[in-house]
Amino acid sequence: MAPNFWNKVFLIFKKDLKDEIRTLSHLLGTLVFGLMLVFTFSYALQLADLETSRVFSAALWVSIYFSASLALQRAFAKEVESGTLEALLMGSGDRGVLFVAKFLYSLSLLLIVELVVVPLMWVFMGVTGHNLHLGLLVASLFLGSWGLAAIGTMLNGMTTQLPGSRLLFPLLMFPLLIPLLMGAVLTSQGAVLGETQSVMGWVYLLLAFDLIFTVVPLLLFDYVLEG
Amino acid sequence: MVTTDTLDVKKLHKQIGAKWILKDISFETATGDLLVITGSNGTGKTTLLRILAGLLPKTGGQVLYNGAEYGLERGAIGYVSHKPMLYETLSVCDNLRFFGRLYGINSKVTEEELLRMVDLWPYRYEPVSILSRGMQQRLALARVLIAQPRMILYDEPFTSLDQEGQGLLRAILEENRPRTIQLVVTHEPGLLGELSYTELRLKDGQVEQGEFHGT
């Protein structure tokens, strides 16, 4: 029986995870980079003697953004380098399958990196968090990572076969991510300070952003992959 | 039951930038045929194959499978490139299983048969990275065959194959003839040996000559 859309998505996602678990090259590099950012920010902000609970979310999202710009470049690039992208394109049939599988892989990587980076940054920056709303912080991290992974996957698909893709990718990613970063930083800050009501508008913006940048590339991925 | 498929290419054009890579290419072929595309470097052979595989858009003309554009779904077309298109960190078996499942083939018997056919059964648990280039090319053949495609496109398939591998490829071409359309791009049609085939010679992106070889 021919596999359906989700069977193929799961198959490609599982293959990517298996490949990553065997080599750890991608995840390890991103984690080390993320940790270096955590230590640098913690040290610099302690020297500046700022109120850490107010700057925590900004420092966190800058770290996540730079780690993501490293992590998200590899989803399609490794397929191009090994020459397997064409075999995948022919085998997957619907190119939306590739987008969803690579998006889920990128999202998983980001969430794994955040599992390490967020608690460490919290501890090293000495955030007290008396008013912390943990649910909202987790939601902001998840929604922000979802948007990062969706845009990163789309742009990686668009640029990976072009000359100068390593430069092009972050240059294109940054302007597109400005609304997402604003929403993620302010929602996380609201969660840390316990100011939940005032940030609900940003939560809805994150939801809308994620929805648009997941559905549009999914529908247009045939053209996206042609650059 | 063997289905007869047809491929009808009509006035196919491909332009990249200001350059015409393919001009007015027309030919017909069907299940049972072996069409060999020859020509010197830069004549558009690989571009033609990639358009037929659905990997490149055409600029003009028609590619009709069974009389209709996109009449053959992507999964029914196999593509053997001069690159093996395999995951080096995964084992021989994992590679074959992954591509098989992508096409809905989930049979360990088929995997074993194919790996024995390409003489890679003893290496089934080894990562692809330790295989020689010729062995990777044989696994690439198995990767395509596991999907049971109705059309197979071979781009310089003899690359890196030793004499034994070349013999194996000729046997595969002959064995698949009754159920597939097969197109082979090669610089060395002599390597096809005793196989009968139709040669389509390209020059400067145009068909220079079509000629039948064999009995």
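The paragraphs below set out a description of the structure included in this document. (Residues numbered from 1 in each chain as written. Chains lettered and ligands numbered in written order. Predicted model: local features only at pLDDT ≥ 70, side-chain atom pairs only at ≥ 80, totals over all residues. Heavy atoms only, no water.)

All right, on to the overall build of chain A then. Looking only at helices and strands, chain A has nine helices and zero strands in total. The C-alpha atoms of chain A give a radius of gyration of 18 Å, which matches the 17 Å a tight globule of 227 residues would have. By residue count, 53% of the 227 residues in chain A fall in the buried class. Taking the contacts inside chain A whose residues are at least 6 apart along the sequence as the reference set, 84% of them involve residues at least 24 apart. (Helix = DSSP H or I, 4+ residues; strand = E, 2+ residues; numbered from the N terminus. Rg over C-alpha atoms; globule rule 2.2 N^0.38 Å. Buried < 20%, exposed > 50% of the residue type's maximum accessible area, 1.4 Å probe, protein only. Contact = heavy atoms within 4.5 Å.)

Residues and elements named next belong to chain B. Looking at where leucine 200 falls in the secondary structure, it is placed in strand E9 (residues 197–203). Note: C-alpha distance between leucine 200 and leucine 86 (114 residues apart in sequence) is 30 Å. Sequence-distant contacts of leucine 200, defined by excluding residues within four places in its chain, comprise Phe27, Leu35, Val36, Ile37, Thr38, Val207 and Gln209.

Moving on, we come to a nonpolar patch on the surface. Residues and elements named next belong to chain A. Together, Leu211, Ile212, Val215, Val216, Leu219, Leu220 and Tyr223 give the surface a local cluster of nonpolar side chains, amounting to about 710 Å² of exposed area. Take leucine 219: it is sitting in helix H9 (residues 200–225). Overall, leucine 219 belongs to the exposed group, its relative accessible area being 65%. (Patch = residues over 30% accessible without salt bridge, like charges linked within 9 Å, V, L, I, M, F, W, Y side chains within 5 Å. Areas by Shrake-Rupley, 256 points an atom, 1.4 Å probe, with all protein chains shown as cover. Salt bridge = Lys/Arg side-chain N within 4 Å of Asp/Glu carboxyl O.)

Going through the model one piece at a time under the given rule, you end up with one cavity of 30 Å³ or more. The computed volume of the largest cavity comes to approximately 70 Å³. Looking at the largest cavity, the residues that line it are Ala87 and Met90 of chain A together with Ile77, Gly78, Tyr79, Tyr103, Arg143, Val144 and Ala147 of chain B. Secondary structure elements with two or more residues in the lining of the largest cavity: helix H5 (85–92) of chain A together with strand E6 (77–80) and helix H4 (133–145) of chain B. The greatest single-element share of the lining of the largest cavity, amounting to three residues, is contributed by E6 of chain B. Split by residue class, the lining of the largest cavity holds seven nonpolar, one polar and one charged. (1 Å grid on protein atoms, 1.4 Å probe; cavity = no way out; pocket = protein on both sides within 12 Å on 5 of 7 lines; lining within 4 Å. Points joined across faces, edges and corners; volume = space filled by probe spheres on them. Nonpolar A, V, L, I, M, F, W, Y, C, P; charged D, E, K, R; others polar.)

Residue and element names in this part refer to chain A. One pass over the full model with this rule turns up 18 salt bridges over all chains. Put simply, lysine 78 and aspartate 19 hold a salt bridge, and the shortest N to O gap is 3.7 Å. Here the residue lysine 78 occupies a position in helix H4 (residues 74–82), and aspartate 19 occupies one in helix H1 (residues 5–23), the gap between them amounting to 59 residues. Three or more residues are tied together by salt bridges with common partners; here these are Lys15, Asp16, Glu79 and Lys102.

Glancing now at the sheet that holds strand E2 (residues 19–30) of chain B. All names here are of chain B. Ordered in space as E2-E1-E4-E5, the four strands form an open sheet in which the pairing is antiparallel. Two strands in the sheet have a free side with no partner beyond their single neighbour: E2 and strand E5 (68–69). As paired elements, strand E4 (residues 60–65) and E5 share two bridges and run antiparallel to each other. Residue leucine 64 lies in a different strand from E5, and its bridge partner there is glutamate 69. (Pairing = 2+ DSSP bridges.)

Attention now goes to the sheet that holds strand E7 (residues 151–155) of chain B. Residues and elements named next belong to chain B. One open sheet accounts for six strands, arranged E6-E7-E8-E3-E9-E10; its pairing is mixed. Of all strands in the sheet, those bounded by a partner on one side alone are E6 and strand E10 (206–213). Strand after strand, the sheet turns through a mean of 15° between neighbouring axes, direction not considered. As paired strands, E7 and strand E8 (residues 181–185) are joined by five bridges and run parallel to one another. For isoleucine 152, the partnering residue across the bridge sits in E8 and is glutamine 182. Sitting on the sheet, H4 is in contact with E6 and E7, with an inclination near 175° to E6. Relative to E7, helix H5 (residues 163–176) is tilted by about 155°, and along the sheet it contacts strand E3 (34–38), E7 and E8. (Axes fitted to C-alpha atoms, helices over the stretch in contact; angles between N-to-C directions.)

On to helix H7 (residues 134–159) of chain A, then. For H7 of chain A, spanning 26 residues, the distance from its first C-alpha to its last is 37 Å, which sits close to the expected 38 Å at 1.5 Å a residue. Among the 26 residues of H7 of chain A, 19 are classified as buried, and the element is accordingly described as predominantly covered. (Expected span 1.5 Å × (residues − 1).)

With that settled, consider the environment of leucine 115 of chain A. The topology assignment puts leucine 115 of chain A in helix H6 (residues 95–125). Take leucine 115 of chain A: its relative accessible area is 67%, and that puts it in the exposed class.

So, on to the interface of chain A and chain B. In many reports, interface size means the accessible area that the parts give up when they come together. In this complex, chain A contributes 27 residues to the contact, which on the side of chain B involves 25 residues. Summed over both sides, the interface of chain A with chain B buries roughly 2,200 Å², with 60% coming from carbon and sulfur. The largest share of the area that chain A buries against chain B comes from Leu11, Glu86 and Met90 of chain A, three residues that together contribute 29% of it. Counting across the chain A and chain B interface gives three salt bridges. A salt bridge links arginine 22 of chain A to aspartate 94 of chain B; the nearest nitrogen and oxygen atoms lie 3.2 Å apart. Counting across the interface, chain A meets chain B through eight residue pairs in polar contact (both at pLDDT 80 or more). When residues of the side of chain A that touches chain B are traced back to their parent elements, those giving at least two are H1, H4 and H5 of chain A. (Buried area = accessible area lost by both parts, 1.4 Å probe. Polar contact = N/O pair within 3.5 Å; in protein donor to acceptor, adjacent residues only side chain to side chain.)

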